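Spelled out from the first residue to the last, the chains are:
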Amino acid sequence: MLMCCNDSFSPTEEDMMAIDDTCVEADEDDFSTDLVGFRRSMRLCRRRSHSAAHPSCPPRCPNSCCSALGSPYEEVVRYQRHPQDAHRLITLLGPSGVGVNELRRRLIEINPKIFQGAVPHTSRAPREYEESGREYHFISREIFDNMIQNNRFLEYGEYKGSLYGTSVESVREVLNSGKICVMDIEPNAVPAVRTHELKAYIIYVKPPPHERLKETRRGAHITTNYYVNRPFKDEDFQEIEESARKIESQFCQFFDHVIVNDELQDSCVQMLTAVRKAQDEPQWVPASWIRPTST
Ligand SMILES: Nc1ncnc2c1ncn2[C@@H]1O[C@H](COP(=O)(O)OP(=O)(O)OP(=O)(O)O)[C@@H](O)[C@H]1O
């Protein structure tokens, strides 16, 4: 368990042991196909996802998102979250297959009293064991479309004929409960989460050098558009590396922290430290988050 005093926390020896336990448990975990499907459907659909905020941003966007994407410069100021303020949204970003989902899952597993994911929405029918508001908010396609029109999603996409998306409201719900919301995003959602309200802290998950990538993923399995849980192949590593290069070349200015996902346990420790710093220590953020400009 993590200590959490006055909204701050710091990993202790016990936390590190919890990380060890989590890692061992997770290694031994044999995820059911359904659970894999649950985790994957959001991520796979995100590969073809859209960000709701981008097209709707006014020319002088107060969120400094669109303008920052197109400009090499952005005015920044030092910001420290007040203990009474909502936590910053923690977002994990990285090439598909690098381990973004694994890290997010482990972080929440380490201390679900502190970390939580936002409940996504979907237009697909619930399965027998699913409960609306727990796995997903199950809504009709019509309502989903309506929410898209009203810019209620941070990102959304279609997978196997159903829509999936994460709404600002779902993230807000977690933040309002006092927990730290952890979300994995696709690059095109960067503008949507970089807002005055969410103050997203973006952790980029980077693949390690080629040989280490191959070595560490020797016993691991990947889920692609066509296969659930098959061993990694050389082309997967090449795809991860190629995708990493593209993300880095286009989005590196938005990375608040970079984790090279080599050994999982090290990555978990690094992630905990980064998350604590994001919440409790001064960070550079866009000036417009602190002094929103009038439009
Ligand atoms: N550091 C690591 N060492 C060994 N295996 C890892 C490591 N990180 C992740 N994995 C494994 O790699 C596989 C892919 O990870 P994960 O599902 O988190 O990928 P992802 O980045 O979310 O991509 P996708 O979009 O395909 O879901 C999983 O089986 C995971 O357990």
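Numbers given for residues are sequential positions, taken from 1 along each chain in its written order. Per-residue local features are limited, in this predicted model, to residues with pLDDT of at least 70; the limit for side-chain atom pairs, both in listing and counting, is 80 or more; totals at the level of whole chains, interfaces and linings are taken over all residues. As a rule here, side-chain values cover all heavy atoms of the structure and leave hydrogens and water aside.

The next subject is helix 5 (residues 100-110). Buried residues are those whose accessible area, probed at 1.4 Å on protein chains only, stays under 20% of the maximum for their type, while exposed residues exceed 50% and partly exposed ones sit between those limits. Strands are runs of DSSP state E lasting at least two residues, helices are runs of H or I lasting at least four, and both sets are numbered from the N terminus onward. Most of helix 5 sits inside the fold, with nine of its eleven residues counted as buried. Of all the positions in helix 5, only Val 100, Asn 101, Leu 103, Arg 104, Arg 105, Arg 106, Leu 107, Ile 108 and Ile 110 are classed as buried.

Unusually for a residue other than glycine, Lys 199 sits at a positive phi of about 45 degrees. By the secondary structure assignment, Lys 199 is in the loop between helix 8 (190-193) and strand 9 (201-206). Residue classification places Lys 199 among the buried positions, given a relative accessible area of 11%. Phi angles above zero are rare outside glycine, and Asn 229 is one such case at about 55 degrees. Examined against the element boundaries, Asn 229 turns out to sit in the loop between strand 10 (221-222) and strand 11 (230-231).

In this section: the UniProt feature "domain: Guanylate kinase-like" (unreviewed entry) in the chain. This chain's UniProt record puts "domain: Guanylate kinase-like" (unreviewed entry) on residues 87-276. Helix makes up 37% of residues 87-276 and strand 23%, whereas the separation of the span's terminal C-alpha atoms amounts to 10 Å. UniProt positions are given in the numbering used here, feature names are shortened, and annotations may be inferred rather than shown by experiment.

So, on to the packing of aromatic side chains. Between two aromatic rings, the relevant description is the distance of the centres plus the angle of the planes. Here a Phe, Tyr or Trp ring, Trp counted by its six-membered ring, pairs with any other such ring whose centre lies within 6.5 Å, and the pair is stacked when the planes are under 30 degrees apart, edge-to-face when over 60, and tilted otherwise. Counted under the stated rule, the structure contains seven aromatic pairs. Judged by centre distance (4.3 Å) and plane angle (5 degrees), the rings of Tyr 204 and Phe 255 are stacked. Here Phe 255 lies in the loop between helix 10 (234-251) and strand 12 (257-260) and Tyr 204 lies in strand 9, a separation of 51 residues in the sequence. Among the residues examined, Tyr 204 registers a relative accessible area of 1% and is labelled buried. For the pair Phe 232 and Phe 237, a centre-to-centre distance of 5.4 Å together with 5 degrees between the ring planes defines the contact as stacked. For the pair shown, Phe 232 and Phe 237 are each scored as buried. Each residue in the set Tyr 136, Phe 138 and Tyr 164 is aromatic and connected to the rest through ring pairs, giving one cluster.

Ordered in space as 5-4-7-6, the four strands form an open sheet in which the pairing is mixed. Single-partner strands in this sheet number two, and they are strand 5 (137-138) and strand 6 (153-159). We treat two strands as partners when DSSP finds at least two bridges between them. When strand 6 meets strand 7 (residues 162-167), the two strands line up antiparallel, connected through six bridges. Looking at strand 7, one finds that Glu 155 is bridged to Thr 166. Throughout, a contact is declared for two residues whenever any of their heavy atoms are within 4.5 Å. Convention adopted: a line fitted to C-alpha atoms gives each axis, helices being fitted over their contacting stretch, and angles between N-to-C directions are expressed from 0 to 180 degrees. Contacts between helix 6 (residues 141-149) and the sheet are confined to strand 4 (121-122), strand 6 and strand 7, with strand 7 contributing the most and set at about 45 degrees to the helix.

Before going further, it helps to spend a moment on the pattern of salt bridges. We define a salt bridge as a side-chain nitrogen of Lys or Arg found within 4 Å of a carboxyl oxygen belonging to Asp or Glu. Applying the stated rule across the entire model yields 20 salt bridges. Ionic pairing is found between Arg 194 and Glu 74, a salt bridge with its closest N-O pair at 3.0 Å. One end of the pair, Arg 194, is in the loop between helix 8 and strand 9; the other, Glu 74, is in the loop between helix 4 (66-70) and strand 1 (76-79), with 120 residues separating them in the sequence. We classify Arg 194 as buried; its relative accessible area is 7%. Exposure remark for Glu 74: the relative accessible area of 27% places this residue in the partly exposed category. Across the pair Arg 105 and Glu 102 runs a salt bridge, and its minimum N-O distance is 2.7 Å. Of the two residues, Arg 105 and Glu 102 both sit in helix 5, three residues apart, roughly one turn of that helix. On the accessibility criterion, Arg 105 (13% relative accessible area) is buried. Taking relative accessible area as the criterion, Glu 102 reaches 22% and is therefore assigned partly exposed. Taken together, the shared-partner salt bridges connect Glu 102, Arg 105, Arg 106 and Glu 109 into one network.

A few words now on the nonpolar core. The nonpolar core is taken to be a set of buried Ala, Val, Leu, Ile, Met, Phe, Trp, Tyr and Cys residues, with the residues joined through side-chain atoms within 4.5 Å. Among the nonpolar cores identified, the biggest contains 27 residues, and Ile 90, Phe 115, Ile 203, Met 271 and Val 275 are the most heavily contacted of them. Elements with a minimum of two residues in this core: strand 2 (90-93), helix 5, strand 8 (180-185), strand 9, helix 10 and helix 11 (264-280). Broken down by element, the residue count for this core peaks at six residues, all from helix 11. Once you skip the residues sitting within four places of it in the chain, Ile 203 turns out to touch Ile 90, Thr 91, Leu 92, Leu 93, His 257, Ile 259, Met 271, Ala 274 and Val 275. Core analysis: the next-biggest nonpolar cluster, separate from the first, contains 24 residues, Leu 93, Leu 154, Ala 189 and Ile 202 among them.

Two pairing modes exist for strands in a sheet, parallel and antiparallel, and in both the strands are linked by backbone hydrogen bonds. Taken in spatial order, the five strands of this open sheet run 3-8-2-9-12, and their pairing is parallel. Pairing within the sheet leaves two strands with one partner each, and these edge strands are strand 3 (115-116) and strand 12. Here two bridges tie strand 3 to strand 8, and the two strands are oriented parallel to one another. By the bridge assignment, Phe 115 is partnered in strand 8 with Ile 180. Set on the sheet, helix 5 makes contact with strand 2, strand 3, strand 8 and strand 9; between it and strand 8 the angle comes to about 170 degrees. Each of strand 2, strand 3, strand 8, strand 9 and strand 12 is contacted by helix 11, which is oriented at about 170 degrees to strand 12, the strand it contacts most.

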